[in-house]
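# Report on the structure
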Amino acid sequence: QVQLIESGGGLVQAGGSLRLSCRASGRTFDSKIMGWFRQAPGKEREFVAAVSGSGDSTYYADSVKGRFTISRDNAKNTVYLQMNSLKPEDTAVYYCAVRTRVYRVVTTETGYDYWGQGTQVTVSS
């Protein structure tokens, strides 16, 4: 069965850094877009970043541009999210996902069929 397992979350102070990892098992997704979403308490899940199958193209929410970097290692079937200069508003559960269906945009949940269980990121002020 396909599984996506996130890791690397934790508690950090504002200005700190974390690196999230998401390893896929059961199938390889080297030709598929993979992305990160997050959901803060009381809010809807929102797009954070995505990376193309080859890793050549990346997409970011305006709120994280210049601070977060998404990358992937297809040999390890893993996608990463390096988060720097963290802010309290970054506090959320972070989910990785695989986009298996073609859609006009990659910044919404549409087309993402496989999801991880999420990892908590808490940033204190």
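Up top is the structure.
Here the structure is a predicted model, which means the values were calculated and not measured.

## Describing the overall build of the protein
Along its length, the protein carries zero helices and eleven strands. Counted from the first residue to the last, the protein has its helices and strands arranged as β-β-β-β-β-β-β-β-β-β-β. The C-alpha atoms of the protein give a radius of gyration of 13 Å, which matches the 14 Å a tight globule of 125 residues would have. Each principal axis of the C-alpha distribution contributes one length, and for the protein these read about 40 × 30 × 25 Å. Expressed as a percentage of its 125 residues, the buried residues of the protein come to 42%. Carbon and sulfur atoms make up 44% of the accessible area of the protein, which amounts to about 6600 Å² in all.

## Overview of the pattern of salt bridges
With the rule as written, the count across this model stands at six salt bridges. With a shortest N-O distance of 3.0 Å, D90 and R38 are connected by a salt bridge. Residue D90 is located in the loop between β8 (78–83) and β9 (92–99), and its partner R38 is located in strand β4 (residues 33–39); the two are separated by 52 residues in the primary sequence. What makes D90 buried here is its relative accessible area of 1%.

## What about the state of the cysteines?
In this structure the tally under the stated criterion is one disulfide. Put simply, C22 and C96 are joined by a disulfide, and their sulfur atoms are 1.9 Å apart. Measuring the twist about the S-S bond at about 45 degrees, one finds the C22-C96 disulfide to be right-handed. Placement of C22 in strand β3 (residues 18–25) and of C96 in strand β9 is noted, with a sequence separation of 74 residues between them. One exposure class covers both C22 and C96, and it is buried.

## Focus: the nonpolar core
With 34 residues, the main nonpolar core has W36, V48, F68, V79, L81, M83 and Y94 as its most contacted residues. Where this core is concerned, the elements lending two or more residues are β3, β4, β5 (46–51), β7 (68–73), β8, β9 and β11 (119–124). In this structure V79 touches L20, S21, C22, M34, W36, V51, I70, S71, R72 and C96, once residues within four positions along its chain are discounted.

Analysis parameters
Residues numbered from 1 in each chain as written. Predicted model: local features only at pLDDT ≥ 70, side-chain atom pairs only at ≥ 80, totals over all residues. Heavy atoms only, no water. Helix = DSSP H or I, 4+ residues; strand = E, 2+ residues; numbered from the N terminus. Rg over C-alpha atoms; globule rule 2.2 N^0.38 Å. Buried < 20%, exposed > 50% of the residue type's maximum accessible area, 1.4 Å probe, protein only. Areas by Shrake-Rupley, 256 points an atom, 1.4 Å probe, with all protein chains shown as cover. Salt bridge = Lys/Arg side-chain N within 4 Å of Asp/Glu carboxyl O. Disulfide = S-S within 2.5 Å. Core = buried A, V, L, I, M, F, W, Y, C linked by side-chain atoms within 4.5 Å. Contact = heavy atoms within 4.5 Å.

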